[in-house]
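This is what each chain is made of:
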Amino acid sequence: MASRNVMKVKEKKDRYQVCYMAGDDSGFDMMEGALLTLEAMDLPIDWIRADLGWCMWEKSIAKFGEGDPRCNTVPPETIEAIKKTDATLMAAITSKPGVKGFKSAILQMRQLFDLYINFRPAKTLPGVGTPLKGDPKIDVVMFRENTEDLYSAVEFRPLPAEMYEVHKGMERFKTKGEVAVSWRVYSEEGCERIIRAAFEYAKAVGRKKITNCNKANVIRATDGMMKEIFFKVAKDYPEIEAVEENADATAMWLIKNPQDYDVVVASNVFGDILSDEASQLTGGLGFAPSGNIGATTAIFEPSSGSVPKYAHQYRVNPCGILLTAKMMLDYLGLEDQGARLEKAIGEVLVEGKVLTYDVLRDFRHDPDWEKNAASTIEMAAAVGQKLNPQFTGKRLEEAKAKVKAMCDWTKTVGYED
Ligand code: IPM
Ligand code: MG
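Owing to the predicted nature of the structure, the values given are computational and were not obtained by experimental measurement.

Below, the discussion takes up the packing of helix α1 (residues 26-39) against helix α13 (residues 376-387). For any two helices packed against each other, one specifies the crossing angle of their axes together with the interaxial distance. Across the interface, α1 lies against α13 with an axial gap of 8 Å and an inter-helix angle of 20°. The angle between α1 and α13 falls in the class roughly parallel. Along this stretch, α1 crosses α13, giving a crossing that reads as right-handed. Here D29, M30, E32, G33, L36 and T37 of α1 lie close against α13, whose contacting residues are T376, I377, A380, A381, V383, G384 and L387. Of the residues belonging to the contact of α1 with α13, the class tally is 7 nonpolar, 4 polar and 2 charged.

What follows is about the side chain of T88. With respect to the helices and strands, T88 occurs in strand β3 (residues 87-92). The contact partners of T88, leaving out residues within four places of it in the chain, are V18, C19, M21, I82, A298, I299, F300 and M328.

On to the sheet that holds strand β12 (residues 298-300), then. Spatial strand order, β2-β1-β3-β12-β11-β4-β5-β10-β8-β9: 10 strands in an open sheet with mixed pairing. Every other strand in the sheet has two partners, leaving β2 (45-50) and β9 (241-246) as the edge strands with one partner each. In this sheet, adjacent strand axes meet at a mean angle of 25° when their direction is disregarded. Of the strand pairs in this sheet, strand β5 (residues 139-145) and strand β10 (residues 263-266) are connected by 4 bridges, and their pairing is parallel. Residue pairing in the sheet places M142 in a bridge with V264 of β10. Where helix α8 (residues 268-280) meets the sheet, its contacts fall on β4 (117-123), β5, β8 (209-214) and β10, and the angle it forms with β5 comes to roughly 155°. Of the strands in this sheet, β1 (16-23), β2, β3, β4, β11 (291-293) and β12 are in contact with helix α9 (residues 319-331), which crosses β3 at around 170°.

Okay, unusual backbone geometry next. The peptide bond linking R157 to P158 adopts the cis configuration, its omega dihedral lying at 5°. Within the element layout of this structure, P158 appears in the loop between β6 (155-156) and β7 (181-182). A positive phi angle is found at H365, which is not glycine, with a value near 50°. Of note, H365 is situated in the loop between α11 (357-362) and α12 (369-372).

Once that is clear, we can look at the nonpolar core. Within the largest apolar cluster, 87 residues are counted, with the highest numbers of intra-cluster contacts made by W47, I117, F143, I195, L332 and L341. Each of domain 1 (1-122 + 285-417) and domain 2 (130-147 + 186-281) contributes no fewer than three residues to this core. With residues up to four places along the chain from it excluded, the contact list for L341 reads T37, L38, M41, L322, A325, K326, L329, V383 and L387. Core analysis: the second largest hydrophobic core is formed by 16 residues, M21, A50, V74 and I82 among them.

Let us now look at the site of ligand 1. If you check the shell around ligand 1, you find L107, R110, R120, R144, Y151 and D272 and nothing else. Taking R110, its side chain carries an N or O atom lying 2.7 Å from an oxygen atom of ligand 1. For ligand 1, an oxygen atom lies 2.5 Å from a polar atom in the side chain of Y151. Compared with its free state, where it exposes 320 Å², ligand 1 has 66% of that area covered by protein. Considered class by class, the residues forming the shell around ligand 1 number 2 nonpolar, no polar and 4 charged.

Conventions adopted
Residues numbered from 1 in each chain as written. Chains lettered and ligands numbered in written order. Predicted model: local features only at pLDDT ≥ 70, side-chain atom pairs only at ≥ 80, totals over all residues. Heavy atoms only, no water. Axes fitted to C-alpha atoms, helices over the stretch in contact; angles between N-to-C directions. Helix = DSSP H or I, 4+ residues; strand = E, 2+ residues; numbered from the N terminus. Parallel < 35°, antiparallel > 145°, perpendicular 65-115°, else oblique. Left-handed = near helix turned anticlockwise from the far one by under 90°. Contact = heavy atoms within 4.5 Å. Nonpolar A, V, L, I, M, F, W, Y, C, P; charged D, E, K, R; others polar. Pairing = 2+ DSSP bridges. Core = buried A, V, L, I, M, F, W, Y, C linked by side-chain atoms within 4.5 Å. Buried < 20%, exposed > 50% of the residue type's maximum accessible area, 1.4 Å probe, protein only. Domains from an automatic or database assignment. Near = heavy atom within 4 Å. Polar contact = N/O pair within 3.5 Å; in protein donor to acceptor, adjacent residues only side chain to side chain. Areas by Shrake-Rupley, 256 points an atom, 1.4 Å probe, with all protein chains shown as cover.

Below is the structure:
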């Protein structure tokens, strides 16, 4: 059971040290844009650089040689930086399939720092709206369990012979050639803490309803247990309506009646899928913030990928990482600044003068989207100017040079000699 509000930083301070990790490819463009906007705000934050992702995998291979067990996407320096700072802002990493020994950097961080909450709000944005008929107002907050389920990484391929004997249901697989098994592990503690986090959040912000999405009707052991724990925890929060629903039904009802959802709590895999769906209803992954939160720290990471084909071209939309930064400011107790940032993003989107290509193409249906597109940096600067009208001229140019140096992709930190 959480003994403190884990949605807020462990210790309130006058100044924070925040780790920033650009990741790979367009992650650098996003991070540079985000840091530029934040420069306009004079935040009480000292930034500490760290790197992770594909770039570090390659660097570790260059250092140790292919196949060396020390090769990883996360260097020890990065783990130290996350440990010693108050929170982490991350952009996006690149994964390549079929690479032997390669482990996703973010999955490792979720396990290593026990970041058991994946916090994913989906809210209709001004100037972006929703593709749904009638423009329903969407404001869903998803609590996805972030460490268990099929992400427990307990897997068998090939399946050891003795595993065929542990359950009579395995009998029929004995004649079916190769069999692979991934364990769907749920623990009482794992279920209880994510469910309690969702209720505590709802209580703190005055939300009225929580939906637990599961398949307890079919997957009885795991989801059956989660459902039971959900209603047990719900008893401690009589003011909040607690309902459970089949996750497949949620996938449908989210599209038909999204306004019926308030807080959603789901296991890792269902939360992974449902949060992508919810984000699509509110602008897509380019606008989707997310936070990996645990008892000791939090890593804030937009849901979007690293768009390798546009790497270092400053084409990607900065909104996802800026809304993620807003989430981080709330976490640090800088809620007023967070609210200002969100408002400024909305103003730029509504004004519609400085928009990246995707916003022009997908939400303005501008036939000249290619020609009229603003860069990541231009759009980030426009948000900065909404926050601070003095963020122009020399001040802006200095800030641009500063964040460019902070996000130099040729100067990654980690696996140093
Ligand atoms: C997410 C992503 C990750 C996940 C991948 C990139 C490992 O889809 O954050 O939702 O599966 O959790
Ligand atoms: Mg996902």
